[in-house]
Amino acid sequence: MLGDQPVVLAAAARHRAPDRVVRQLEAVADALLDFQHTVLPRGDEKPSAAHRSRLALAEAAGTVLAGGLSLLGITAPDRI
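Residues numbered from 1 in each chain as written. Predicted model: local features only at pLDDT ≥ 70, side-chain atom pairs only at ≥ 80, totals over all residues. Heavy atoms only, no water.

### Focus: the overall build of the chain
Helices and strands together make up the secondary structure of the chain, namely 3 helices and 0 strands. Overall, the C-alpha framework of the chain stretches about 50 × 20 × 15 Å when taken along its three principal axes. Relative to all contacts within the chain whose residues are 6 or more apart in sequence, the contacts with residues 24 or more apart total 55%. Accessible area for the chain stands at about 5,900 Å²; split by element, carbon and sulfur atoms hold 59% of it. Taken together, the 9 basic and 9 acidic charged side chains of the chain have centroids lying 5 Å from each other. (Helix = DSSP H or I, 4+ residues; strand = E, 2+ residues; numbered from the N terminus. Contact = heavy atoms within 4.5 Å. Areas by Shrake-Rupley, 256 points an atom, 1.4 Å probe, with all protein chains shown as cover. Lys, Arg positive; Asp, Glu negative; His and termini not counted. Charge placed at Lys NZ, Arg CZ, Asp CG, Glu CD.)

### Brief notes about the confidence of the model for the chain
Summary statistics for the chain give a mean pLDDT of 85 and a share of 91% for residues scoring 70 or more. When pLDDT is averaged over each element of the chain, helix H1 (residues 5–15) comes out on top at 93 and helix H3 (residues 49–71) at the bottom at 86. (pLDDT = per-residue confidence, 0-100.)

### Examining the pattern of salt bridges
Following the criterion strictly, the structure yields 1 salt bridge and no others. Where Arg23 meets Asp19, a salt bridge forms, and the shortest distance between an N and an O atom there is 2.6 Å. Residue Arg23 and its partner Asp19 are located together in helix H2 (residues 18–39), separated by 4 residues, close to a single helical turn. Classification of Arg23 as partly exposed rests on a relative accessible area of 48%. (Salt bridge = Lys/Arg side-chain N within 4 Å of Asp/Glu carboxyl O. Buried < 20%, exposed > 50% of the residue type's maximum accessible area, 1.4 Å probe, protein only.)

### Quick notes on the environment of Leu71
By the secondary structure assignment, Leu71 is in helix H3. Relative accessible area serves as the criterion here: at 61%, Leu71 is assigned to the exposed category. It is 16 Å that separates the C-alpha atoms of Leu71 and Val28, two residues lying 43 residues apart in sequence.

### So, the nonpolar core
Grouped together as the largest cluster of nonpolar side chains are 8 residues: Ala12, Val21, Leu25, Val28, Leu32, Ala61, Val64 and Leu65. Where this core is concerned, the elements lending two or more residues are H2 and H3. Per-element accounting of this core gives the leading share, 4 residues, to H2. Among all residues touching Ala61, those that are not within four sequence positions of it are Leu2, Val28 and Leu32. (Core = buried A, V, L, I, M, F, W, Y, C linked by side-chain atoms within 4.5 Å.)

### Focus: the environment of Arg54
Tracing the backbone through its elements, the reader meets Arg54 in helix H3. Residue Arg54 is classed as partly exposed on the basis of its relative accessible area, which comes to 28%. Each C-alpha atom, one on Arg54 and one on Phe35, is 9.0 Å from the other, the two residues being 19 residues apart in sequence.

### Considering unusual backbone geometry
The phi dihedral of Arg16 is positive, around 50°, even though this residue is not glycine. You can see Arg16 is positioned in the loop between H1 and H2.

This is the structure:
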């Protein structure tokens, strides 16, 4: 989904359809919420390379969400 962002933005601009951006951002946010509770380390569990990769993915999702919201004229919070 994150990799689809440039294609979605181009299509939304071409068709003058900001709702496409909104739907894509909603899908990214939903996927991230499902993802974060099942894969991030908990309690005393030591972070592994896989955890660091998942954290990088979460940060990338945050960047995509913030960028998309900015294009729509919505200010993203610094922290949720």
